[in-house]
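Chain and residue survey
Chain by chain, the residues run as shown.
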Amino acid sequence: MLSEIPDRRLGHFWEVGIVLLLTVLAFSVRVYRVDFNSLAEDEVAKWAAVQEYRHGHFAGVNSEHPMLPKVLAWASLAAGERWSRVAAVHCWPSLNPEGWLRLPNVLFGAATTAVLFMFCRRMMGVAGSFAASLFWAIAPLPVALNRLTKEETPLTFFTLLACYFYCRAAQPADQDNSARRWYDLSAIGFGLALASQYILHLLGLNALAWFLAGKNGLSRKPSQFSYKRFFLVMFLTFVVVNPVILSPANFNVILHWLHHDGVKHSGYDFDGTLYMNFPARLLAGVPWFYYLWLVLIKTPIPILTAVIAGSVLLLRDRRTLASCFFLSLGLVQLAGLSVSGAKWIRYSLPFLPFLYLAGGYAVQQTLKAAEGKVLSRALVGFSAVILLGWPLLELHSWAPYYSFYLNSIGGEKQNIARYFAMDEVSEFDTREVAQKVCPFAPVATTVATARPMSMAYYLHACGRADLQIVPLYDTHYAPQDGDLIVLEPSRRFFETQRFFDTLGNSGMPHSEIRVGPVLASTIYLFDPSVPGPKNGKEEFTLTQLRGAKSRFENDAQETASTNTSRFAFSDLTRRLLQ
């Protein structure tokens, strides 16, 4: 017995070393050039909320989202400002504000690697747990999603942590006197998850997993569990870190948001076709196979093979705790999201750990089957090299454009931004568009764009607060002579389709902005004198786009300022065409 204690401690230290190594790896790939791309619309909303928080305004600020992620972004930006001042003196590396805003999610994404390992260790061996957490650490899909200031990353971290604590409490190996503590910690985890994003169904899916486990005799009767205590601890945690929920104004905003009252544009471009993307449309919205296709083409082939094999095994071995969690938080969650009419890549993040759990289970079972067989062990060793090396090489070749990743099934770099451009490209190039416009646009020029918040942020940053930002999806917007219209294929909505139908073939002066391997935006200088498309239907639409009279059309006098503007527009045209 005494000889087993050092062995147990050695094994414990070995596992701690594995967890630290995987977490550092996950952090490294997520933080690499995390600030290279522009802020998205949602990220600018978080940045604006932080500015309001700094002035003591908390209620009614970005109220459809909980307070916790914004407070963490506030702390990160404050720390980043101090670090940047010190780094400038000592010539140390630092991040742009975009990077500091995203750093909390980078940390949460990396920490999820450790939690996934510990969670899987409750159900399988070291090898399978290592594989599952490795998949999370280096798979391009979670890496890309963890590099954005979206609520799904802390939601996934805290939900998985809560599931792990609940697992510690509910498994028979634990003593009764420690179960209550683990249940309390699980309740705190679910409270923090709810304070990250207003989503409750993950708590229910955890309950479903343990219901299945109970049916299979895999859990004890929760003698130390109290529903009242659990939900009280959860609710208190939620309120403590998200006190603005007590504000009636915030509650009303949430209700309006649930009724889509704040939606100004609609449509999701999936593989070149625009679909309605409202949750209530269920199967009538974005196609039901969206997430299956997402996982199929955005997962490295070795990881995908392990996930598919593990899924088959877990469907067969249903009397295992791993199968219970895979069925509930994996397949049931995937099915629910597939039925919904609104689909976005980031919605997939909470079910990915449970798909990787299946992949880890396949690795564990393969090693078990290979025990004592020399040839099989050699094949397993070769497979392990492929399983680790292939995804790492692919990750390196796509860096830092992880969101563009496609495997060979999806067509790799030949089909970049073909299927999920709205999520993959999004507002990546807003900074570059602003830098192109700022030096040459005349005073008070109208800039029409489908990303008005992020464009306003970057135009203000370059000192052009005079430029008038107009949402391109505003159905009342009618272009006028000299307007700058920014067309972003990744922001193609039903409300902006008319501009894509006309401007692309109009012959108007334009300039293209690329983000790495893709054409992200085209800036058009609207000129009614340019002949429209020869196609009759498109020509009629162009006439509609011209709408209101040109603000230069009825000028009675040619003042010096007007001449300057004309010269500036000519110069802008020349610059845009360069």
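Residues numbered from 1 in each chain as written. Predicted model: local features only at pLDDT ≥ 70, side-chain atom pairs only at ≥ 80, totals over all residues. Heavy atoms only, no water.

With 108 residues, the main nonpolar core has Phe119, Phe325, Leu352, Phe420 and Ile485 as its most contacted residues. Once residues lying within four places of it in the same chain are set aside, the contact partners of leucine 352 are Trp136, Leu141, Pro142 and Val295. (Core = buried A, V, L, I, M, F, W, Y, C linked by side-chain atoms within 4.5 Å. Buried < 20%, exposed > 50% of the residue type's maximum accessible area, 1.4 Å probe, protein only. Contact = heavy atoms within 4.5 Å.)

What follows is about the packing of helix 2 (residues 41-54) against helix 19 (residues 452-461). With their axes 7 Å apart at the nearest point, helix 2 and helix 19 run at an angle of 60° to one another. By the angle between their directions, the pair helix 2 and helix 19 is classed as oblique. Taken as a pair, helix 2 and helix 19 cross one another with a handedness that is left-handed. Contact residues: helix 2 offers Glu41, Val44, Ala45 and Trp47, while helix 19 offers Pro452, Met453, Ser454 and Tyr457. (Axes fitted to C-alpha atoms, helices over the stretch in contact; angles between N-to-C directions. Helix = DSSP H or I, 4+ residues; strand = E, 2+ residues; numbered from the N terminus. Parallel < 35°, antiparallel > 145°, perpendicular 65-115°, else oblique. Left-handed = near helix turned anticlockwise from the far one by under 90°.)

Moving on, we get to the environment of isoleucine 188. Among the structural elements, isoleucine 188 can be located in helix 8 (residues 176-194). For the pair isoleucine 188 and phenylalanine 158, spaced 30 residues apart in the sequence, the C-alpha separation amounts to 8.9 Å. Discounting residues that sit within four places of it in the chain, isoleucine 188 has contacts with Val233 and Thr237.

The next point concerns the confidence of the model for the protein chain. It should be kept in mind that the predicted coordinates are not to be read in detail where pLDDT is low. Per-chain confidence: the protein chain averages 85 in pLDDT, with 86% of residues scoring 70 or above. The low-confidence segment residues 535-570 (pLDDT under 50) makes 50 contacts with residues lying over four places distant or belonging to another chain. Every residue in residues 572-578 is under pLDDT 50, and counting partners more than four places away or in other chains gives 15 contacts. (pLDDT = per-residue confidence, 0-100.)

Taken in spatial order, the five strands line up as 4-3-5-7-6 in an open sheet, and their pairing is mixed. Each edge of the open sheet carries a strand with a single partner, namely strand 4 (468-471) and strand 6 (510-515). Each strand of the sheet is rotated relative to its neighbour by a mean of 20°, with strand direction disregarded. Relative to strand 5 (residues 484-487), strand 3 (residues 446-449) runs parallel, the two being bridged by two bridges. The residue bridging alanine 448 from the neighbouring strand is isoleucine 485, located in strand 5. (Pairing = 2+ DSSP bridges.)

Looking now at the pattern of salt bridges. Overall, the coordinates contain 16 salt bridges when judged by the stated rule. In this structure, lysine 150 engages aspartate 42 in a salt bridge whose closest nitrogen and oxygen atoms are separated by 2.9 Å. With a gap of 108 residues between them, lysine 150 in the loop between helix 6 (140-145) and helix 7 (152-170) and aspartate 42 in helix 2 connect regions that are remote in the sequence. The network of salt bridges with shared partners includes Glu98, Arg431 and Glu432. (Salt bridge = Lys/Arg side-chain N within 4 Å of Asp/Glu carboxyl O.)

Let's shift gears to helix 19. Where burial is concerned, most of helix 19 is hidden: seven out of the 10 residues are buried. Three or more residues of helix 19 are buried, namely Pro452, Ser454, Met455, Ala456, Tyr457, Tyr458 and Leu459. Residues of helix 19 that are buried sit in contact with helix 2, helix 4 (97-121), helix 18 (430-437), strand 3 and strand 4. Looking one or two places after helix 19, you find glycine 463, whose phi comes out positive at around 85°.

Positionally, alanine 434 belongs in helix 18. Among the residues examined, alanine 434 registers a relative accessible area of 2% and is labelled buried. A C-alpha to C-alpha distance of 9.2 Å links alanine 434 and histidine 460, two positions 26 residues apart in sequence.

Let us now look at the environment of threonine 23. Looking at the secondary structure, you find threonine 23 in helix 1 (residues 4-31). Distance from threonine 23 to alanine 137, taken between C-alpha atoms, is 7.3 Å for residues 114 residues apart in sequence. Threonine 23 has contacts with Ala110, Ala111, Thr113 and Ala114, leaving out every residue within four places of it along the chain.

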